Amino acid sequence: MNLYGFLSKLFSALVNPICFQPMPVLENTSGKNLRGLFSVKPIKNTISKIFSAIILSAFLLVFAACTPKTSMPGVSQEELWHETEKQRQLAAEHAIDKQFKNRKSRLKHEEMLNVVSSNILKGGVEICGAFNKDKSLCVYEFILLEKGPINAFADGNRIYITPAMMNFVKNEEELAYILGHEYAHNMMNHIGDMQFNVLAGAVVGALFDGLFSAHGADTRGQFTEAGAQAGRLSYSKEYEAEADYVGLYVATLAGYNVSNAPNFWRQMAVKEPESIYVGMTHPTSPERFIAMQKTVSEIEAKKKRGARLLPEIKKPEETVKAKTRN
Ligand SMILES: [Zn+2]
């Protein structure tokens with residue numbers, strides 16, 4: 001018997017006793033009494049019974065397919081209870097162990113961050129003075145976040161780092177490269193400049209929106225948005241390059257050897273490409289690598305000739321020239 005034949009037989013066997021129950025006997029064949037035969041209620045009942053039968057058939061087929069084909073050892077209720085208890089106990093022990101490990105690793109991260117951040121502050125404040133900035137304004141708080149992907153960022157007042165980034169760095173030196181870079185963002189006021197650029201771009205865009213609106217065209221604020229975006233992107237690449245440059249000096253003055261810094265950033269670009277593109281438009285990795293190698297050479301040369309380890313600061317007129325060129 002083929003599958004179709006089998007299913008038809010099974011369906012009939014199940015459906016027949018359920019669906020084909022004796023109908024009420026018709027006393028006569030007059031139109032009045034025949035109304036009961038075609039009333040909606042019996043039809044509804046029949047359809048629902050057919051559906052029930054189909055569902056029941058489907059269940060039977062599924063259960064038939066799941067029937068074990070071997071004689072497996074049985075499990076008693078007592079054995080089951082013991083094993084359940086054992087697994088519950090192991091799960092509780094694992095949770096405590098995990099909590100303990102997390103706490104231990106957080107303490108380790110906090111300790112490492114305290115050491116490196118205080119060194120970075122010492123180096124940073126020295127550079128801050130070279131920029132004729134009030135040193136007290138160059139003291140930033142370092143915050144270890146509770147969670148998050150491999151990342152570190154600055155908001156102008158604080159420097160944040162995730163536990164994932166703390167795990168990524170292999171030693172204090174590598175942490176100093178990260179913190180030096182973020183410290184430089186704050187010290188060079190990149191966040192404030194960026195916000196100003198966004199606002200300025202939005203204002204110019206809003207003027208265009210207003211102009212079009214005065215002539216009856218609804219631009220739906222597209223120029224404002226485009227202006228803000230242009231402001232966001234303007235100089236962002238330069239800000240990142242500058243944070244790399246100044247950051248290496250900060251790390252050097254903090255007492256760390258920066259000769260391995262270009263390679264560290266290269267490794268990060270290879271292993272965690274997402275992490276270095278978070279938040280800002282970073283220069284392309286090869287560009288950063290080469291620029292950092294040149295900065296390391298510059299620092300080494302200054303060390304050799306006993307010069308002050310400070311970034312090359314542009315004279316005010318050079319800054320104005322560079323801005324007009326851009
Ligand atoms: Zn950056």
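Residues numbered from 1 in each chain as written. Predicted model: local features only at pLDDT ≥ 70, side-chain atom pairs only at ≥ 80, totals over all residues.

*Asks:* What is the right way to read the sheet that holds strand β1 (residues 141-144) from this model?
*Replies:* Hydrogen bonds along the backbone pair up the strands of a sheet, which may run parallel or antiparallel. The mixed open sheet is built from 3 strands, whose spatial order is β1-β3-β2. If you trace the sheet from one side to the other, it starts and ends with β1 and β2 (152-154), each paired once. On average, each strand axis in the sheet is inclined to that of its neighbour by 15 degrees, with strand direction left out of account. The strands touched by helix α4 (residues 77-130) within the sheet are β1 and β3 (158-161), with β1 carrying the most contacts at an inclination of about 160 degrees. Contacting β2 and β3, helix α6 (residues 172-187) runs over the sheet at an angle of about 20 degrees to β2. (Pairing = 2+ DSSP bridges. Helix = DSSP H or I, 4+ residues; strand = E, 2+ residues; numbered from the N terminus. Axes fitted to C-alpha atoms, helices over the stretch in contact; angles between N-to-C directions. Contact = placed C-beta atoms within 7 Å.)

*Asks:* I would appreciate a short explanation of the pairing of β3 in the present structure.
*Replies:* Successive side chains on a regular strand alternate, one facing one side of the sheet and the next facing the other. Along β3, the buried face is formed by I159 and I161; none of R158 and Y160, which line the opposite face, is buried. Relative to β3, β1 runs parallel, the two being bridged by 4 bridges. Residue pairing across strands places F142 opposite I159, the latter belonging to β3. Summarising the sheet, β2 and β3 pair through 3 bridges and their orientation is antiparallel. Its bridge partner lying in β3, F153 is registered against Y160. (Buried ≥ 20, exposed ≤ 12 C-beta atoms within 10 Å, placed from the backbone.)

*Asks:* Honestly, the confidence of the model for the protein chain in this entry has me stumped. Any pointers?
*Replies:* Detail in the predicted coordinates should be disregarded across regions flagged by low pLDDT. Overall, the prediction assigns the protein chain a mean pLDDT of 80, with 70% of residues at 70 or greater. Ranking the elements of the protein chain by mean pLDDT puts helix α2 (residues 31-34) last, at 46, and β1 first, at 98. (pLDDT = per-residue confidence, 0-100.)

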